[in-house]
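# Breakdown of the fold
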Amino acid sequence: MRPFTYERADSPAAAAAAVERRPGAKFIAGGTNLLDLMKLEIETPAHLIDVNGLKLDTVEATPDGGLRIGALVRNTALAADQRVRRDYGVLSRALLAGASGQLRNKATTAGNLLQRTRCPYFYDTNQPCNKRQPGSGCAAIGGYSRQLAVVGSSDACIATHPSDMAVAMRALDATVETVRADGTTRTIPIAEFHRLPGDTPHIETALLPGELITAVTLPKPVGGTHVYRKVRDRASYAFALVSVAAVVQRDGGGRVALGGVAHKPWRVEAAEAEMPRGAKVVTAGLLADAKPTHDNAFKLTLVERTLASVLAEAKGQGERKAETP
Amino acid sequence: MKFDTPATTNPIDQLKVVGKPTDRIDGPLKTTGKATYAYEWHDVAPNVAYGWVIGSGIAKGRIASMDLEAARKAPGVVAIVTAENAGPLDKSKRNTATLLGGPEIEHYQQAVALVVAETFEQARTAAGLVRIDYTPADGAYDLAAVKDKAEKTKDGDSVVGDFAGAFAAAPVKLDETYTTPDESHAMMEPHATIAAWEGDRLTVWTSNQMIDWMVTDLSATLKMPKDKVRVISPFIGGGFGGKLFLRADALLAALGAREAGRPVKVGLSRPLMMNNTTHRPATIQRVRIGATPDGTITAIAHESWSGNLPGGSEETATDQTRLLYAGANRLIGNRIATLDLPEGNAMRAPGEASGMMALEVAMDEMAEKLGMDPVEFRIRNDTQTDPADPNRPFSQRQLVQCLRLGAERFGWAKRNPKPGQVRDGRWLVGLGMAAAFRNNLLTKSAARVRLDQRGIVTVETDMTDIGTGSYTIIAQTAAEMMGVGLDKVAVRLGDSSFPVSAGSGGQWGANNATAGVYAACVKLREAVAQRLGVNSADARFADGQVVAGNRKVPLAEAAGADGLSAEDGIEYGNLDKTYQQSTFGAHYVEAAVDSATGEIRVRRMLAVCAAGRILNPKSARSQVIGAMTMGVGAALMEELALDKRAGFFVNHDLAGYEVPVHADIPHQEVIFLDEADPVSSPMKAKGVGELGLCGVGAAVANAVHNATGLRVREYPITLDKFLDRLPAMG
């Protein structure tokens, strides 16, 4: 770990300004990912700006019937929020599928979006990694890649995004609200928030230097049956091999986003139109341009089978719901 | 005390204290944080500095150059140790690669430097400033690729009868190959040591299972007299064989302390534990079984291939096959190839843990070919003598009783022998079983016992407690022998100034260490009797008193103002040659497989164990359920993922190296048969901590097969290996 200096910010714009003033500065909230990476010298910020005191920790109704989730709302609190559980069940379930109770107590909404990959080569500073050290190469390509991306990857990087929460938010069409040092704000659709690796896998999001996430907004509820299925080798405390976030309407239509397959939560709106025709067709659309490795080609089959199971579950639940007076 | 004839009745047989499910006496210390682990000695060595180990960034080759300048100038740095300034070092015979590498590099993360600084953070930061250039060399990393170059091991093959002929002639045959991956001990407490020099004397506070090995090997490596080294390791946060040996933490702490001129503390980081220390090596195992249609085995062969660094030992994965089942024609042996991976060595139940994962699936497959129930097939081929020597009986062998009792308790009769038939919602459900087998090893062990004027009995031995319950069973032994309650017994372990014990490993600790305490207590009883002027054979020790004839003297009084002390140990004759001493059991598992995703979840498990006298059913049960958990890990998830190009284990942290979590282990049950084996020791006990692991993986695999009809012969059984063979989705 490199030495660093530390300060507490007292307003979002001041926090953004503080980062802009100090090259190499980073925000810290829960610290559940950043501190580990600093200990391994994968992240080497010279300065940390603690944003925990910014009072961005409430979930509020929006005028159009949605929810505005403060950037600092802890994963545990968000998963337990009655409105989230009632209207955005896929989000609550995704959150609870992630990490452990202790980590969820610390981890924040914004921090969860900004998690870095769990590619094992990213974690070993003896190995080349374009994400950790741009231009050094990718040890994962041709290496051990069972966990890694099958779609949207590039010759520079085959890492995946590890979040469960973000997959559900992608299915829910969330938007990310930010503030910059000069006080200007903007909203970024979650589809555009995470980037594909391309030639610059070290640039992972649409955030500009110093830009701070203040909230994530969910549009008004879309109804339907909400399912989040996370497939993994052990029953808990493991990253997804693949995950499926689905919102399924009574007519069989709906939305699907995938985790564990790409550098970002993976959703292809055009493929969703085929949902009433079943998992095979939808998967073909979702993974049309897949380029799996020898180690992870099984994920293509796994996505299709998991999606089929999710759609069957949603159908069963939907029918039971319809029968309830 | 020489133990060369089977035990007769002795004070342990009273079972007033021994055999009771006593809470562990060190429990309160651990739950209140007062038990001092290696890294936590804060007061023993003043002015301690902190060392950070740098591991090699390549698997094989040479260090071309090492630039220490920036690190030396970094804040707080007091010393840097490398092979260049460490002085002459030997390599102990129990280490395969040198513990401080350079310029030659023998494996990934081989230690090449220790940076010592005023604080832990300064040491770690400065270590990040060390620049090393390497000249890599080609290495061999893939066992399958070098398998054909493997050689027979020095023990040679066990050959009985004419295997080839009998196998060729057998009406029913199986010939399958199974693989097990490299595994990590992944114990909770990393390797850690504090080293302090006083003149030419060295003291290390460390975490080690075998105190005398540590003293021997540390002194040999430092080329100094053994009596100048003291090792202290009273509490150990798990070892599983990973802490049997001197490792880089202890050697580098000693070297760092010498260089810095003050005490130095070194803990290995988690990534170093996977690639710097030892691991259970991968195996490729071929099993061939021939039988007559009634299920009688006529031919059995088991060969295993593993790799290691030059001079390293093989994984003895076929050894149980010499003894577990009958069969007139046999061919059994281990093969070893050279690999440039980190050193392969013992991990809990070395040999049997991996070997049973293959043999017991082969037995299941063979039963299926024969159309026999797998329990009955095993019973049909039971043997009460060493199959290679009919004149050599097992001292005790209740395998059949374990199998039958387990079948009854687990509801085996309800199992559908046709696989893939039972559904519970979206889950496919199956039952599987396997025999359990692990040898009982005898090794000498000594202790010192003191009786003071308060009537307190203090036991001192360099035995270790790696979380197993050694403190408690030793206290129970001394309490039983001296006729006092547990509250009158103090146990001090893990210090090389105490008599040399068996140590903890190979499930030999409990039986041998308590037998050593037994021997010392016999001697103390004699000393008490002598002081009272009575014949020790006539003295009865009970309720804190010595009773001889019409005399009744409190122990405290007998001890006198100076107290009494006795030291002795157990040494074994030929009973383990005359008799084969092994432990037996049966594992039963119910597993469910998600019909869509292939995720496997164990639902319930049962182990039945026949392992001699159970000294403490509570700590023994903890050992067995822990072992069963480890078996689930081995079956379903544990694998050091190998990068075959660069030669290292990629998933070198506990996020990447998955071991079971609570949610994976919903229900476990353990039954111990009531057994006492007078051939094993005066305690009539045997090992049990490793028996609980041997066979579990196969039982899980067999349950998965019963659930799905699919065989996966390549551990761990992960969904990617059979997903495309699951029934099509409806």
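Look up a bit, the structure's there.
Residues numbered from 1 in each chain as written. Chains lettered and ligands numbered in written order. Predicted model: local features only at pLDDT ≥ 70, side-chain atom pairs only at ≥ 80, totals over all residues. Heavy atoms only, no water.

## Thoughts on the overall build of chain A
Across its full length, chain A holds 12 helices and 11 strands. Projected onto its principal axes, the C-alpha positions of chain A cover 60 × 50 × 30 Å. Within chain A, buried positions represent 56% of all 325 residues. If you take every contact in chain A between residues at least 6 apart in sequence, the share linking residues at least 24 apart comes to 62%. (Helix = DSSP H or I, 4+ residues; strand = E, 2+ residues; numbered from the N terminus. Buried < 20%, exposed > 50% of the residue type's maximum accessible area, 1.4 Å probe, protein only. Contact = heavy atoms within 4.5 Å.)

## What about the pattern of salt bridges?
Residues and elements named next belong to chain A. All told, the structure shown has 64 salt bridges over all chains when counted by the stated rule. Arg-267 is paired through a salt bridge with Glu-272; the nearest N and O atoms lie 2.6 Å apart. Looking at Glu-272, the relative accessible area reads 8%, which means it is buried. (Salt bridge = Lys/Arg side-chain N within 4 Å of Asp/Glu carboxyl O.)

## Here we look at the nonpolar core
Within the largest apolar cluster, 122 residues are counted, with the highest numbers of intra-cluster contacts made by A:Leu258, A:Val261, A:Leu286, B:Tyr588, B:Leu636, B:Val700 and B:Phe722. Counting residues per element, this core draws most heavily on helix H9 (residues 352-370) of chain B, which supplies 11 residues. Ranked by size, the runner-up nonpolar core spans 71 residues in total, among them A:Tyr121, A:Ile158, B:Val266 and B:Leu272. (Core = buried A, V, L, I, M, F, W, Y, C linked by side-chain atoms within 4.5 Å.)

## Focus: helix H6 (residues 211-221) of chain B
All names here are of chain B. Within the span of H6, buried status applies to Ile-211, Met-214, Val-215, Asp-217, Leu-218, Ser-219 and Thr-221. Where the residues of H6 are buried, they touch strand E12 (201-206), strand E13 (229-232) and helix H7 (248-260). Count one or two residues on from H6 and you reach Lys-223, which has phi positive near 55°.

## Focus: the pairing of strand E23 (residues 457-460) of chain B
Residues and elements named next belong to chain B. Side chains Val-457 and Val-459 of E23 all project onto a buried face; the interleaved residues Thr-458 and Glu-460 project onto the opposite face, where all are buried too. In the sheet, strand E22 (residues 445-451) pairs with E23 via four bridges, with the strands oriented antiparallel. Considered in E23, the bridge of Arg-448 is made with Glu-460. Turn length for the E22-E23 hairpin, with the two strands adjacent in sequence and antiparallel, is five residues, and the turn residue Gly-455 shows positive phi of about 85°. Inspection of the sheet shows E23 paired to strand E24 (residues 489-492) by four bridges, in the parallel sense. (Pairing = 2+ DSSP bridges.)

## What to know about the sheet that holds strand E1 (residues 2-3) of chain B
Residue and element names in this part refer to chain B. With mixed pairing, five strands are arranged side by side in an open sheet as E1-E28-E22-E23-E24. Each edge of the open sheet carries a strand with a single partner, namely E1 and E24. Against the sheet, helix H13 (residues 509-532) engages E22, E23 and strand E28 (564-572), with an angle of about 140° to E28. (Axes fitted to C-alpha atoms, helices over the stretch in contact; angles between N-to-C directions.)

## Focus on the environment of B:Ala248
Among the secondary structure elements, B:Ala248 is positioned in helix H7. Not counting chain neighbours up to four residues away, the residues in contact with B:Ala248 comprise B:Leu99, B:Ala111, B:Ala253 and B:Asn276.

## Quick notes on the packing of aromatic side chains
Summed over all chains, the structure comprises 13 aromatic pairs over all chains. With 5.8 Å between their ring centres and 35° between their planes, B:Phe410 and B:Tyr588 make a pair best called tilted. A residue pair is termed long-range when its members are at least 10 positions apart, and B:Phe410 in helix H11 (residues 399-410) and B:Tyr588 in strand E29 (residues 582-594) qualify at 178 residues. Residue B:Tyr588 is classed as buried on the basis of its relative accessible area, which comes to 0%. Both rings, one in B:Trp412 and one in B:Tyr588, keep their centres 5.4 Å apart while their planes meet at 75°; by these two values the pair is edge-to-face. With a gap of 176 residues between them, B:Trp412 in the loop between H11 and strand E20 (423-424) and B:Tyr588 in strand E29 connect regions that are remote in the sequence. Across this residue pair, the class does not change: B:Trp412 and B:Tyr588 are buried. One aromatic cluster in this structure is built from A:Tyr121, B:Tyr108 and B:Phe648. (Phe/Tyr/Trp six-rings, centres within 6.5 Å; stacked < 30°, edge-to-face > 60°.)

## Observations regarding the side chain of A:Asp50
Residues and elements named next belong to chain A. Looking at the secondary structure, you find Asp-50 in strand E3 (residues 47-50). The side chain of Asp-50 is buried and forms no salt bridge, while Arg-8, the nearest opposite charge, is found at 4.3 Å. Residues within four places of Asp-50 in sequence aside, it is in contact with Tyr-6, Glu-7, Arg-8, Ala-9 and Ile-28. (Lys, Arg positive; Asp, Glu negative; His and termini not counted.)

## Re a positive patch on the surface
Residues and elements named next belong to chain A. Taken together, the side chains of Arg-85, Arg-93, Arg-250 and Lys-321 define a basic patch exposed on the protein surface. The topology assignment puts Arg-93 in helix H5 (residues 89-97). For Arg-93, a relative accessible area of 42% gives the class partly exposed. (Patch = residues over 30% accessible without salt bridge, like charges linked within 9 Å, V, L, I, M, F, W, Y side chains within 5 Å. Areas by Shrake-Rupley, 256 points an atom, 1.4 Å probe, with all protein chains shown as cover. Charge placed at Lys NZ, Arg CZ, Asp CG, Glu CD.)

## Focus on the packing of helix H11 (residues 279-286) of chain A against helix H12 (residues 298-323) of chain A
Residue and element names in this part refer to chain A. Interhelical geometry of H11 versus H12 gives an angle of 135° and a closest axis separation of 9 Å. Between H11 and H12, the crossing angle belongs to the class labelled oblique. When you trace H11 past H12, the crossing you get is right-handed. On H12, the residues touching Ala-279, Lys-280, Val-282, Thr-283 and Leu-286 of H11 are Leu-300, Val-303, Glu-304, Leu-307, Ala-308 and Leu-311. (Parallel < 35°, antiparallel > 145°, perpendicular 65-115°, else oblique. Left-handed = near helix turned anticlockwise from the far one by under 90°.)

## Concerning the interface of chain A and chain B
Chain A puts 37 residues into the contact, and the matching count from chain B is 38 residues. When the two sides are added together, the surface that chain A and chain B hide from each other amounts to roughly 3,000 Å², 54% of it contributed by carbon and sulfur. Among the residues of chain A in contact with chain B, A:Asp233, A:Arg234 and A:Arg305 are the three that bury the most area, contributing 24% of the side total. Connecting chain A to chain B are one salt bridge. The salt bridge partner of B:Asp720 is A:Arg146, with a shortest N-O separation of 2.9 Å. Our enumeration of links across chain A and chain B arrives at 18 residue pairs in polar contact (both at pLDDT 80 or more). Where the side of chain A that touches chain B is concerned, the elements lending two or more residues are strand E9 (225-231) and H12 of chain A. Counting residues per element, the side of chain A that touches chain B draws most heavily on H12(A), which supplies eight residues. (Buried area = accessible area lost by both parts, 1.4 Å probe. Polar contact = N/O pair within 3.5 Å; in protein donor to acceptor, adjacent residues only side chain to side chain.)

## With respect to the packing of helix H16 (residues 617-636) of chain B against helix H17 (residues 696-708) of chain B
All names here are of chain B. Two elements in contact, H16 and H17, have axes separated by 7 Å at closest approach and are oriented at 55°. The angle between H16 and H17 places the two elements in the oblique class. Judged by the twist between their axes, the crossing of H16 over H17 is right-handed. Two secondary-structure elements touch here, H16 through Met-628, Gly-631, Val-632, Ala-635 and Leu-636 and H17 through Val-696, Gly-697 and Val-700. When grouped by side-chain class, the residues that make up the contact of H16 with H17 number six nonpolar, two polar and no charged. (Nonpolar A, V, L, I, M, F, W, Y, C, P; charged D, E, K, R; others polar.)

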